[in-house]
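Inside the fold
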Amino acid sequence: MDRRVRVRFAPSPTGALHIGGVRTALYNYLFAKKHGGDFLLRIEDTDQTRFVPGAEAYIIESLKWLGIEPVEGVGFGSDASGGPHTPYRQSERKPMYRQYAMQLMEAGHAYYAFDTAEELDGMRERLKASNVDAKYDAITRSTMKNSLTLSEDEVQKRLESGDPYVVRFKLPRKEEVKFHDEIRGWVSFNTGQLDDKVLFKSDGMPTYHLANVVDDYLMEISHVIRGEEWLPSAPLHVLLYRAFGWEDKMPKFAHLPLLLKPEGNGKLSKRDGDRLGFPVFPLNWVDPSTGEMSSGYREAGYLPDAVVNLLAMLGWNPGSNQEIFTIEELIAAFSLERVSKSGAKFDQNKAKWYNQQYLRKLDDSALLPFLLKSLEANGLNTNFSEAYSLMVCSLVKEKMSFTKEIWDISRYFFLDPSEYDLAVIQKRWNEKIPALLKDIQTGLASEELLDAQSIERIYNECLTQNGILGKDFLQLFRVCLTGVAGGPPLFEIAALIGREALERRIEHAIQEFENLHKQ
RNA sequence: GGCCCGUUCGUCUAUCGGUUAGGACACCAGAUUUUCAUUCUGGGAAGAGGGGUUCGACUCCCCUACGGGCUACCA
């Protein structure tokens, strides 16, 4: 156990990385950092038929956005090679795997199989018909075309004539395979239930099982932290380490609980896309074959630290009541023992709450780029000073849950209201209002300095003059100035938008409200 | 179907044999806010069912139910 901690995140680039995968990466990262070890990214692209262009770049960009950065691997590392175990893309490691398949063959742990897809289907159908588990195992392999049943000459001949073949693992007949999972404790399987998995495909590529074990060994991985969907193949991997004679270098396993759909059934999947009302991807993703777009946390207005925090708490807890963690605090507190065993449903409300918390902690200036981007999109970027925008950010910050809301809740700082909240007008309007608004208008016009205090003073004076109560009018006045029913403190808004805007907006309200309230 | 993993408030979870079963989100009520929101206070809300073991079980064991995963020359 004094082995250097080295863990890896090993996604296959078959599409956008979904948040379950992100969480797996995060837990690996936290574990590595916690133990002063290494976190690496390996791309498992051994299935050429499922390759999706852009997926790898997407994974890398996602990890960078979230700050879950590997020290080695594709797209990372101190130099272009990615690190000392380059390459980190399994397709580029292709030439290395064959020798390991051969090593198993020579040791009698693997064999050639020549069965065609049709023959395999036939076998499965036959077994199913007789109510037996349809699998290529210790019994069925004796009825199939492989180097255990065919003569040596025949095998040689097939190999030489280029017949397609695969290499299968020769599973021990009836053996209890036990291993200790860092999260679940002892887990055991009987090899009688397993089958002779293909290790090496007819296209010359290894399957996941072979490539994964070989690479973990070569890259000196100390802990395999992955999703629970891999638990059933873990015994195979254990057996492979034994067959290779690498048992002393076998990593410890930790199988993470799955992230479930909020509506009840099944694990959260890539297909869920936007259906659920929250993103399942870190970044926006456009499916290159269908052109279909799925939204991501970044574009939905989440802050990366908030996403990291909420993902960390989904399936792990510190054992205390602390909910908000910086990444350093997460690293310090993290342990596999406190990862829960059962699947967790994603909670949108909690996610929103987390984002709000992080938004509020942000400097006003950190919000500025989001606002400036919106101003630019609306062609207003040259009309207002950056100092003005910064003040808007500070006023509006507490009202936001997501960065992308900033334009919607602050547009009235830049544009006169084009429409008004009718419900408020209808509820609060009465015949005294026009005179009151006029009074405020003239009061403001004759005041030299318009700051929040002076505006409020004038406002209150006019209220008393007109015999109107503040609670009956303030919200209407807010609608008059901003068009909407809620927002930051009104007199601060008024002070910021300034004399001309106030004059214009009050004048407009005097003309419009009378008609609007009748609608 | 088979194998494996799991099961505490609506949701995320604490509890590692003895607690009025705690917290957070959400929800509801009240207070504060001349408006909305914020904030504060309070409230309702849980151990799947059945057997054991034990002086004592949410906690340990077994069975059942339910949920999930896997069962490809996909990862």
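Scroll up for the structure.
Residues numbered from 1 in each chain as written. Chains lettered and ligands numbered in written order. Predicted model: local features only at pLDDT ≥ 70, side-chain atom pairs only at ≥ 80, totals over all residues. Heavy atoms only, no water.

1. Description of the pattern of salt bridges
Put simply, the rule is: A pairing counts as a salt bridge when a side-chain nitrogen of Lys or Arg comes within 4 Å of a carboxyl oxygen of Asp or Glu. Only runs of H or I of at least four residues qualify as helices and only runs of E of at least two qualify as strands under DSSP, and these elements are numbered from the N terminus. Think of it in three bands: with a 1.4 Å probe and only protein chains considered, a residue is buried below 20% of the maximum accessible area for its type, exposed above 50%, and partly exposed in between.
One pass over the structure, following the stated rule, counts 29 salt bridges. R184 is the partner of E228 in a salt bridge, and the nearest nitrogen-oxygen pair spans 3.7 Å. With a gap of 44 residues between them, E228 in the loop between strand 9 (223-227) and helix 7 (234-244) and R184 in the loop between strand 6 (176-181) and strand 7 (185-190) connect regions that are remote in the sequence. You can call E228 partly exposed: its relative accessible area is 27%. Judged by relative accessible area, which is 18%, R184 ranks as buried. For E247, the salt bridge identified is with R242, shortest N-O distance 3.2 Å. On the basis of relative accessibility, which here comes to 43%, the residue E247 falls in the partly exposed class. Assessed through its relative accessible area of 30%, R242 is described here as partly exposed. Salt bridges sharing common partners tie together R8, R42, E44, R93, D215 and D216.

2. Remarks on the sheet that holds strand 5 (residues 166-169)
The cut-off we apply is this: Think of it this way: DSSP has to see at least two bridges between two strands before they count as a pair. The angle between two axes is taken between their N-to-C directions and runs from 0 to 180 degrees, where each axis is a line fitted to C-alpha atoms and a helix contributes only its stretch in contact.
Reading across from one edge, 4-5-8 is the order of the 3 strands in this open sheet, with antiparallel pairing throughout. Lying at the two open borders of the sheet, with one neighbouring strand each, are strand 4 (110-113) and strand 8 (198-200). Strand-to-strand twist in this sheet, taken as the mean axis angle between neighbours without regard to direction, amounts to 45°. When strand 4 meets strand 5, the two strands line up antiparallel, connected through 4 bridges. If you follow Y111 over to strand 5, its bridge partner there is R168.

3. Things to note about the packing of aromatic side chains
In plain terms, the rule: Under the pairing criterion, centres of Phe, Tyr and Trp rings, with the six-membered ring standing for Trp, must be within 6.5 Å; the plane angle then separates stacked pairs below 30 degrees from edge-to-face pairs above 60, leaving the rest tilted.
The tally for this structure, following the rule as stated, stands at 33 aromatic pairs. Aromatic pair F244 and W246: ring centres 4.1 Å apart, planes at 10°, arrangement stacked. For F244, a relative accessible area of 6% gives the class buried. Residue class for W246 comes out buried when judged on its relative accessible area of 6%. Measuring from ring centre to ring centre gives 5.7 Å for Y388 and F414, while their planes differ by 75°; the resulting arrangement is edge-to-face. Linking Y388 in helix 12 (residues 386-396) with F414 in the loop between helix 13 (406-410) and helix 14 (422-428), this pair joins segments that are 26 residues apart in sequence. Grouping residues by exposure puts Y388 and F414 together as buried.

4. Observations regarding the protein's contact with RNA strand B
Put simply, the rule is: Proximity criterion: a residue is near a molecule or strand once any of its heavy atoms comes within 4 Å of it. Counted as a polar contact is a pair of N or O atoms within 3.5 Å, where, for protein atoms, one must be capable of donating a hydrogen and the other of accepting one, and residues adjacent in sequence contribute only when both atoms are in side chains.
Lining the immediate surroundings of RNA strand B are 61 residues, of which R184, G470, K471, Q475 and F491 lie closest. Take the atoms of RNA strand B that sit within 4 Å of the protein: sugar and phosphate atoms are 72% of them. At a separation of 2.8 Å, a base nitrogen of RNA strand B approaches a polar side-chain atom of R478. Per-element tally for the surface near RNA strand B: the top contributor is helix 17 (residues 470-482), with 5 residues.

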